[in-house]
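Breakdown of the fold
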Amino acid sequence: MATPRYTLSEESVVRNEQVASKGRILLDLPHQDTNADNGACYGNVTERELAESISLKVKEILEKNGVEVILMREQGQAMSIGDRVYRANNLGEYDYYISLHINSCLTENSGTGVEGYSCNSWTLTNSILKGLCNEFGYFNRGIYYSPYYNCNIKQNSTLLELGFINNEYDRDNLINRQDDYARIIADGILENLNNK
């Protein structure tokens, strides 16, 4: 395996106990593994832009509630999957690694709903999916053991698919109800942190 390009400074691995007293979350801004990687696309709408916008809203809510949030990459910064895994496995202790994504199906409007891919974050994943289904009337497509890159992360992680970019109903919500998405996701995280 190639040595990751991403290197950690000593400062980045020191946990700030005051900020992190209510929890510590690693939040992955999805895609942009390369500058050309936008994830799923529909017309001029991209998974990367939608999921990134929702993720940053989640970050804001969590920080207002005293949770330390570390972004895996900054906006506009390309970072490979290997570098994300390396960074997550070398940042010390945290409560959850969370990556928000948007699904796509082969035929327009044939897929809908939300699903999760968990590694030891079943309760968190379930509470977020239930919240999204209650709010939007989505079909819960289930929670699965992750076959994706987050299965290589040593601590608790979940990858969530928040709907289908090429489903008209899902896409409308993903564009126009991002604050609701962020509130539900942040509430699920806060609830699970409080119960730990």
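You'll find the structure just up there.
Residues numbered from 1 in each chain as written. Predicted model: local features only at pLDDT ≥ 70, side-chain atom pairs only at ≥ 80, totals over all residues. Heavy atoms only, no water.

This paragraph deals with the overall build of the protein chain. Summing up its helical and strand segments, the protein chain has 5 helices and 8 strands in all. Reading the secondary structure of the protein chain in the N-to-C direction produces β-β-β-α-β-α-β-β-α-β-β-α-α. Across the 196 residues of the protein chain, 52% fall into the buried class. When contacts within the protein chain are restricted to residue pairs at least 6 apart in sequence, long-range pairs at least 24 apart make up 79% of them. Here the protein chain has roughly 9,400 Å² of accessible surface; of this, 45% comes from carbon and sulfur atoms. (Helix = DSSP H or I, 4+ residues; strand = E, 2+ residues; numbered from the N terminus. Buried < 20%, exposed > 50% of the residue type's maximum accessible area, 1.4 Å probe, protein only. Contact = heavy atoms within 4.5 Å. Areas by Shrake-Rupley, 256 points an atom, 1.4 Å probe, with all protein chains shown as cover.)

What follows concerns helix α1 (residues 47-64). With 18 residues, α1 extends 26 Å between its outermost C-alpha atoms, agreeing within 8% with the 26 Å of an ideal straight helix rising 1.5 Å per residue. All of the buried residues in α1 are Glu47, Arg48, Leu50, Ala51, Glu52, Ile54, Ser55, Val58, Lys59 and Leu62. Following α1 by one or two positions, glycine 66 has its phi on the positive side, about 85 degrees. (Expected span 1.5 Å × (residues − 1).)

With that out of the way, let us pick up the packing of helix α3 (residues 122-136) against helix α5 (residues 178-195). Between α3 and α5, the least distance of the axes is 9 Å, while the angle of their chain directions is 145 degrees. In this structure, α3 meets α5 at a crossing whose hand is right-handed. Seen from α3, the contacting residues are Thr123, Leu124, Ser127, Ile128, Gly131, Leu132, Glu135 and Phe136; seen from α5, they are Asp180, Tyr181, Arg183, Ile184, Ile185, Gly188, Ile189 and Asn192. In terms of residue class, the contact of α3 with α5 is built from 8 nonpolar, 5 polar and 3 charged. (Axes fitted to C-alpha atoms, helices over the stretch in contact; angles between N-to-C directions. Left-handed = near helix turned anticlockwise from the far one by under 90°. Nonpolar A, V, L, I, M, F, W, Y, C, P; charged D, E, K, R; others polar.)

Val58, Leu62, Leu132, Leu162 and Ile189 are the most contacted members of the largest nonpolar core, which totals 37 residues. Elements with a contribution of two residues or more to this core: β1 (24-28), α1, β4 (68-71), β5 (96-103), α3, β8 (157-164) and α5. Ranked by residue count, the leading element in this core is α5, at 8 residues. Leave out the neighbours within four places in its chain, and isoleucine 189 touches Ile25, Val58, Leu62, Ile98, Leu124 and Ile128. (Core = buried A, V, L, I, M, F, W, Y, C linked by side-chain atoms within 4.5 Å.)

Quick look at the side chain of serine 127 now. Position of serine 127 relative to the elements: it lies in helix α3. Relative accessible area serves as the criterion here: at 19%, serine 127 is assigned to the buried category. Among the polar contacts listed, one links the side chain of serine 127 to the backbone oxygen of leucine 124, at a separation of 2.9 Å. In contact with serine 127, other than residues within four places in its own chain, are Gly188 and Asn192. (Polar contact = N/O pair within 3.5 Å; in protein donor to acceptor, adjacent residues only side chain to side chain.)

This part takes up the pairing of β4. Side chains Glu68 and Ile70 project from β4 onto one buried face, and the interleaved Val69 and Leu71 project onto a second face that is buried too. Here β1 pairs with β4 via 4 bridges, running parallel. The residue of β4 that forms the bridge with leucine 26 is isoleucine 70. (Pairing = 2+ DSSP bridges.)

All right, on to unusual backbone geometry then. Where the residue is not glycine, phi is negative for most of them; where a peptide bond is considered, it is trans in most cases. The backbone of asparagine 109 shows a phi angle near 65 degrees, a positive value even though the residue is not glycine. Residue position: asparagine 109 is located in the loop between β5 and β6 (114-119). Positive phi, close to 65 degrees, is recorded for asparagine 120, a residue that is not glycine. Residue placement: asparagine 120 occurs in the loop between β6 and α3. Take asparagine 120: its relative accessible area is 55%, and that puts it in the exposed class.

In this section: the pattern of salt bridges. Under the definition given, this model contains 11 salt bridges. Note that arginine 73 and glutamate 52 form a salt bridge whose closest N and O atoms lie 2.9 Å from each other. Placement of arginine 73 in the loop between β4 and α2 (81-88) and of glutamate 52 in helix α1 is noted, with a sequence separation of 21 residues between them. In this structure glutamate 52 comes out as buried when scored by relative accessible area, which is 10%. Residue glutamate 135 is joined to arginine 183 by a salt bridge in which the shortest nitrogen-to-oxygen separation is 3.4 Å. (Salt bridge = Lys/Arg side-chain N within 4 Å of Asp/Glu carboxyl O.)

In short, shape yes, function no, at least from these values alone.
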